[in-house]
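What the coordinates show
Residues per chain are reported as follows:
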Amino acid sequence: MHPFASYVLRSYYQATGWNDDNLYSNLTRSSTAILDFTIPKGLMFNISKAPNSLFKTTYSMNALPSLNGSVGYIFTSCDLDVKGSNSVRFKDMVERFKVYDAPRIPEAKEQIWQGGERVDLRGTIYVPTARLDALYSTRLSRTLQLSVAGISNPTPSQRASLTMSQSQAQMQKEAEAAQGGSNVMFSLQHDTGRWCTEYSYSADDGMLGARVLHNFGKLALDGAESSSKERVKRVDEEEAMEGGLKGRFSAGAEIYFSAKEKSAGISTGLRFTTLPDATPPSFHVPSSSSDAATPVSSLSQPPTTLTATLNPMMGHISTAYAARVSRDLSLCSRFDFNVYSYESEWTMGTEWWMRRATKGKEKDVPQTASVKGIEAQLKTAPIVEKVVLANDVHGVLKARVSTNADVSIMWETRLRNALFSLGVVSDLSNRSKPIRSVGLEIAYFSSE
C-alpha cells in the first residue's frame, strides 16, 4: 500500500491540478502495479495524524527482523482533504491497474499562498541510523513544477568517531567513501498535455538526465470541444468498420550521463492504451435489473494497456500486456529478453478486488397502465423491497509467478479502522527453503 507521505503527495498533485501520470517514468505504471508490487519486510506499524489541512505527522516502526523506525513531518501550502484510514477510498491507497485519463494541460488553480507559489515540504528521520530524507515540491507556473529531494545518511564512522582512533577512523572513511552518504537531486518537469519533458540532476555522481513523452491524438480539452460541434458527413463517406481496440499511443525516451562514472545510457518506450470512456457497462454495479440484462454483445472493449521498452546499450527488451477482463479481475503478462546474453523471463500476474455485499432496502411501487387508477394504485399497491448491492471494496489480492520460479502473493484489506498488507515471497526452485520472506504491515491514520 502507499505510505502516508505518498498519499499526501498524490493529494497535493490532485489539489493543484498536476498530472503525475503524464511522465515517461510512469510509462509502464499499469503493468508494474500488477507485477512489481512490494511485499512488506517483516512486521511494520505506521501511525499518522493530520491535525489540520496543512500539517501532517507520520510515525513508523519496523519490529522484525530488526527494530528501527522513523518520524516524518509534512507541510503543504494548500488545504488538502486527507481522509482517515477508516474512510479513505481503498483504491486510493493501493497501486493498481487503471486506464488513465486522456492527457490534458495542467489546471491553473487559484493561488492562495504568499508569493503566488504552492509548496509541498516533507522530511523524515530514521532511527537509529539518523538518516534524513527531505522533499520540496513547488509549482513555478501552470506547466512547470520543481522538485528537490535530499538524502543525508551518516556513516557509522561519523557516529562512532569519538570512540575510534584517528587511523581507524581514516580507514573506515576510505572504505565507506564509495557508498556515498548524502545526495541532492533536482527535477524540473514541464507538462503541456501533448508533450511532457523532465530534466534531472544528481549531485552525488554528477548525473544529468532528460526524459520526454509525446501523446498522439487529441487532448482531453480538444475532445470536449470537438464533441460539441456536429460533424457533417460527406456523401461518399463509408461507415466506419467496427472491431479492434480503440485508443491512443504515447512514445517517449530518456538519456542520461554520469560525469563521475564517465558513462551514459538511453532508453525508449511505446505505450498503447484504450480510451477511458471505453469501459464496458459490466464493470459498474448495475443500478437496476434492466441494466443487468444488457446483452454481452453490446459491451464495448475492455480497458487495455500495451507497453514496449528498449534499452539499446544494455540490450534489454520488455513488452507487457495488461487488461481488465471483468469488473474485479485484471490480468497482466510481461516478457523480458536480453539480446546480448539471450536471457529471458516471462512474468504473469493478476489483481482481484474483493467487495463487501451490503444489503439495502429500496421501496418500489409497481406501475399501472390505467391513468385514472394511478392514485388508487399508489394507496393500495403493496411495497416491494429489492436488494441493492453496494460498491464497497474492502480488499485486493495480488499474485505473480515467473519462469524463474518466483511466486509472490499479497493481500491488502481494511479491517475496522486500519489498513493491513500481508505478503509472501517464495522460491520454488529451493526445496530446502521455499519461503523467502513473510511480511505484515499495519497502517492507521486519522484526520481529526
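Rules behind the numbers
Residues numbered from 1 in each chain as written. Predicted model: local features only at pLDDT ≥ 70, side-chain atom pairs only at ≥ 80, totals over all residues. Heavy atoms only, no water. Pairing = 2+ DSSP bridges. Helix = DSSP H or I, 4+ residues; strand = E, 2+ residues; numbered from the N terminus. Buried < 20%, exposed > 50% of the residue type's maximum accessible area, 1.4 Å probe, protein only. Core = buried A, V, L, I, M, F, W, Y, C linked by side-chain atoms within 4.5 Å. Contact = heavy atoms within 4.5 Å. Salt bridge = Lys/Arg side-chain N within 4 Å of Asp/Glu carboxyl O.

1. Details of the pairing of strand β5 (residues 132-139)
Moving residue by residue along a regular strand, the side chains alternate between the two faces of the sheet. Sheet topology places β5 next to strand β6 (residues 144-152); eight bridges connect them, and they run antiparallel. Paired with Ala 134 across the strands is Gly 150, a residue of β6. In sequence, β5 turns back onto β6 through a hairpin of four residues.

2. Some remarks on unusual backbone geometry
In this structure, Pro 65 follows Leu 64 across a cis peptide bond, with omega equal to 0°. Along the polypeptide, Pro 65 turns up in the loop between β2 (55-64) and β3 (68-76). The phi dihedral of Ala 405 is positive, around 65°, even though this residue is not glycine. Secondary-structure assignment places Ala 405 in the loop between β18 (392-402) and β19 (406-415). Residue classification places Ala 405 among the buried residues on the basis of a relative accessible area of 19%.

3. Let's talk about the nonpolar core
Within the largest apolar cluster, 24 residues are counted, with the highest numbers of intra-cluster contacts made by Phe 4, Tyr 7, Phe 90, Leu 419 and Phe 445. For this core, the secondary structure elements donating two or more residues are α1 (4-16), β18 and β21 (435-446). Take this core: its biggest share by element is seven residues, from α1. Among residues more than four places away in sequence, those in contact with Tyr 7 are Asp 81, Val 82, Lys 83, Val 88, Asp 92, Met 93 and Phe 445. Judged by nonpolar contacts, the second largest core, of six residues, contains Leu 35, Phe 97, Ala 322 and Cys 332.

4. A look at the pattern of salt bridges
For the structure on display, the rule yields 15 salt bridges. Note that Arg 327 is salt-bridged to Asp 328, the shortest N-O span being 3.4 Å. A salt bridge links Glu 351 to Lys 398; its shortest N-O distance comes to 3.8 Å. In this pair, Glu 351 sits in strand β15 (residues 344-356) while Lys 398 sits in strand β18, placing the two residues 47 residues apart along the sequence. This pair shows no difference in class: Glu 351 is buried, exactly as Lys 398 is. Several salt bridges share partner residues, and in doing so they unite Arg 10, Asp 20, Asp 21, Arg 29 and Glu 95 into one network.

On their own, these measurements won't tell you what the molecule is for.
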